[in-house]
Amino acid sequence: MLWTVFLEIWIALLVAIAGWLAWLWAARSGQFDDMEGPKHRMLDDDVPGAKKPDSADEV
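Residues numbered from 1 in each chain as written. Predicted model: local features only at pLDDT ≥ 70, side-chain atom pairs only at ≥ 80, totals over all residues. Heavy atoms only, no water.

Quick question: what am I supposed to make of the pattern of salt bridges here?
Two side chains bearing opposite charge may form a pair once their charged atoms approach each other closely. Considering all chains together, one arrives at 1 salt bridge under this definition. In this structure, the salt-bridge partner of Lys 39 is Glu 36, at a minimum N-O distance of 3.1 Å. Here Lys 39 falls in the partly exposed class, since its relative accessible area comes to 45%. (Salt bridge = Lys/Arg side-chain N within 4 Å of Asp/Glu carboxyl O. Buried < 20%, exposed > 50% of the residue type's maximum accessible area, 1.4 Å probe, protein only.)

Structure follows, in structure tokens:
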């Protein structure tokens, strides 16, 4: 019974370390650099003269 508690503690520590390493990787690779840009980018006008994608309802 006691060995299961130690096993759960080790598994929890390994998961926590894996999450911390994933966060470090994301921070170092620039995933959190521009938090405001994507929500404003959808409001920008399209480039004039750019070809628009074909839509299924235009027949």
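What should I look at first to understand a nonpolar patch on the surface in this one?
On the surface, Leu 2, Val 5, Phe 6, Ile 9, Trp 10 and Leu 13 cluster together to form a nonpolar patch covering roughly 620 Å² of accessible area. Position of Leu 13 relative to the elements: it lies in helix H1 (residues 2-28). Judged by relative accessible area, which is 42%, Leu 13 ranks as partly exposed. (Patch = residues over 30% accessible without salt bridge, like charges linked within 9 Å, V, L, I, M, F, W, Y side chains within 5 Å. Areas by Shrake-Rupley, 256 points an atom, 1.4 Å probe, with all protein chains shown as cover. Helix = DSSP H or I, 4+ residues; strand = E, 2+ residues; numbered from the N terminus.)

In short, geometric facts, not functional conclusions.
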